[in-house]
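Fold and geometry: a report
Here is how the chains run, residue by residue.
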Amino acid sequence: MARRQDPFDIEITPELIMRAYRAGIFPMSEDAADENLFWVSPEMRGIIPLDGFHLSTSLRKAIRKSGFTVKVDTDFDAIIEGCATVGADRDTTWINRTIRSVYGELFRRGVAHTVEVWDGTGLVGGLYGLAIGGAFFGESMFHRKTDASKMAMAHLVERLRAGGFVLLDTQFLTPHLASLGGVEIPREQYEERLAEALPVHGDWFAWDRASP
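Residues numbered from 1 in each chain as written. Predicted model: local features only at pLDDT ≥ 70, side-chain atom pairs only at ≥ 80, totals over all residues. Heavy atoms only, no water.

1. Quick notes on the side chain of Asp203
Structurally, Asp203 can be placed in the loop between α7 (187-197) and α8 (206-210). Since its relative accessible area comes to 19%, Asp203 is described here as buried. (Helix = DSSP H or I, 4+ residues; strand = E, 2+ residues; numbered from the N terminus. Buried < 20%, exposed > 50% of the residue type's maximum accessible area, 1.4 Å probe, protein only.)

Quick look at the structure:
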């Protein structure tokens, strides 16, 4: 179970969202048509330990042979649209107009980031989330071609390691995330890890400076 508050009427601003994440809670909506948001704090929190991420040898080979390329922070609108689109891997979405607007502003401020997987000129998968201190809060991911979301996650983990991040929060644990090394930890333990991560200076762009 998760702690959940009723929909709220206060103005949803980027500053409010950031304060919420620092407190260990995040907003959701019932579906894309619902204008309301509510706060969520799962009793069991999903994370991927940065030293526990796992890709099988066969999957690594498949990704290398795919011809896909990875970019970051080039097309937030396309990424959130992909995450919000109902498809084979989801029959509903919690990403409503308010979420799109406020996270778009966080992207423009350099707090929200994307990892994008491209097949030529076509976006075939990716993810987005927030980088605050030494924590990255994964929000959503999607794929249109096999292994594209796993490639995005693999790049994210390497980028976070390079930048000195210490916490990768996935909110909930899905079978897909569990296959990549994701685990669940109690809320109290998550809050302890969050408190340790927030003072850390995570550098999202360290990977780019280190790459040839």
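2. A word on the packing of aromatic side chains
For the structure shown, the criterion picks out six aromatic pairs. Taking the centre distance of 5.1 Å and the plane angle of 20° together, the rings of Phe76 and Phe107 count as stacked. Taken together, the residues Phe76 in helix α3 (residues 76-84) and Phe107 in helix α4 (residues 97-108) connect sequence positions 31 residues apart. Seen in terms of ring centroids, Phe136 and Trp204 are 5.5 Å apart; in terms of plane orientation they differ by 10°. Their pairing is stacked. Of this pair, Phe136 sits in strand β8 (residues 135-143) while Trp204 sits in the loop between α7 and α8, placing them 68 residues apart in sequence. The class of Phe136 is buried, set by a relative accessible area of 0%. Of the residues examined, Trp204 reaches a relative accessible area of 4% and is grouped as buried. Aromatic rings pair up to connect Phe76, Tyr103, Phe107 and Tyr128 into one cluster. In this structure, Arg45 is placed above the aromatic ring of Tyr190, and the distance from its NZ or CZ to the ring centre is 4.1 Å. Its end group placed over the ring of Trp118, Lys71 keeps NZ or CZ at 5.1 Å from the ring centre. (Phe/Tyr/Trp six-rings, centres within 6.5 Å; stacked < 30°, edge-to-face > 60°. Lys NZ or Arg CZ within 6 Å of the ring centre and 35° of its normal.)

3. Comments concerning the confidence of the model for the protein
Mean pLDDT over the protein stands at 90; residues scoring 70 or higher make up 92%. Ranking the elements of the protein by mean pLDDT puts strand β1 (residues 2-4) last with 47 and α7 first with 98. Contacts for the low-pLDDT stretch residues 1-8, under 50 throughout, to residues beyond four places or in other chains number 25 contacts. (pLDDT = per-residue confidence, 0-100. Contact = heavy atoms within 4.5 Å.)

4. Remarks on the packing of α3 against α4
It is at 11 Å that the axes of α3 and α4 come closest, and there the two elements cross at 145°. Crossing angle aside, the handedness with which α3 passes α4 is right-handed. Contacts from Phe76, Ile80, Glu81 and Ala84 in α3 reach Ile99, Arg100, Tyr103, Gly104 and Phe107 in α4. (Axes fitted to C-alpha atoms, helices over the stretch in contact; angles between N-to-C directions. Left-handed = near helix turned anticlockwise from the far one by under 90°.)

5. A few points about a negative patch on the surface
A cluster of acidic side chains, namely Glu43, Glu188, Glu191, Glu192 and Glu196, defines a negative patch on the protein surface. Tracing the chain through its elements places Glu43 in the loop between β3 (38-42) and β4 (44-47). (Patch = residues over 30% accessible without salt bridge, like charges linked within 9 Å, V, L, I, M, F, W, Y side chains within 5 Å. Areas by Shrake-Rupley, 256 points an atom, 1.4 Å probe, with all protein chains shown as cover. Salt bridge = Lys/Arg side-chain N within 4 Å of Asp/Glu carboxyl O. Lys, Arg positive; Asp, Glu negative; His and termini not counted. Charge placed at Lys NZ, Arg CZ, Asp CG, Glu CD.)

6. Considerations on the nonpolar core
Judged by nonpolar contacts, the single largest core of 39 residues is most densely connected at Ile17, Tyr103, Tyr128 and Leu130. Among residues more than four places away in sequence, those in contact with Tyr103 are Ile17, Tyr21, Pro27, Phe76, Ala112, Tyr128, Leu130 and Glu139. (Core = buried A, V, L, I, M, F, W, Y, C linked by side-chain atoms within 4.5 Å.)

7. Some remarks on the pattern of salt bridges
As enumerated under the stated definition, the model contains nine salt bridges in all. Its salt-bridge partner being Asp119, residue Lys145 comes within 2.4 Å of it at the nearest N-O pair. Residue Lys145 is located in the loop between β8 and α5 (148-162), and its partner Asp119 is located in strand β6 (residues 112-119); the two are separated by 26 residues in the primary sequence. Asp119 sits in the partly exposed class, given a relative accessible area of 29%. Put simply, Asp203 and Arg209 hold a salt bridge, and the shortest N to O gap is 2.1 Å. The exposure class assigned to Arg209 is exposed, which follows from its relative accessible area of 59%. Ionic contacts of the salt-bridge type, sharing partners, join the residues Glu15, Glu105, Arg108 and Arg109 into one network.

8. Observations regarding a positive patch on the surface
Taken together, the side chains of Arg60, Lys61, Arg64 and Lys65 present a region of like positive charge at the surface. We classify Arg60 as partly exposed; its relative accessible area is 41%.

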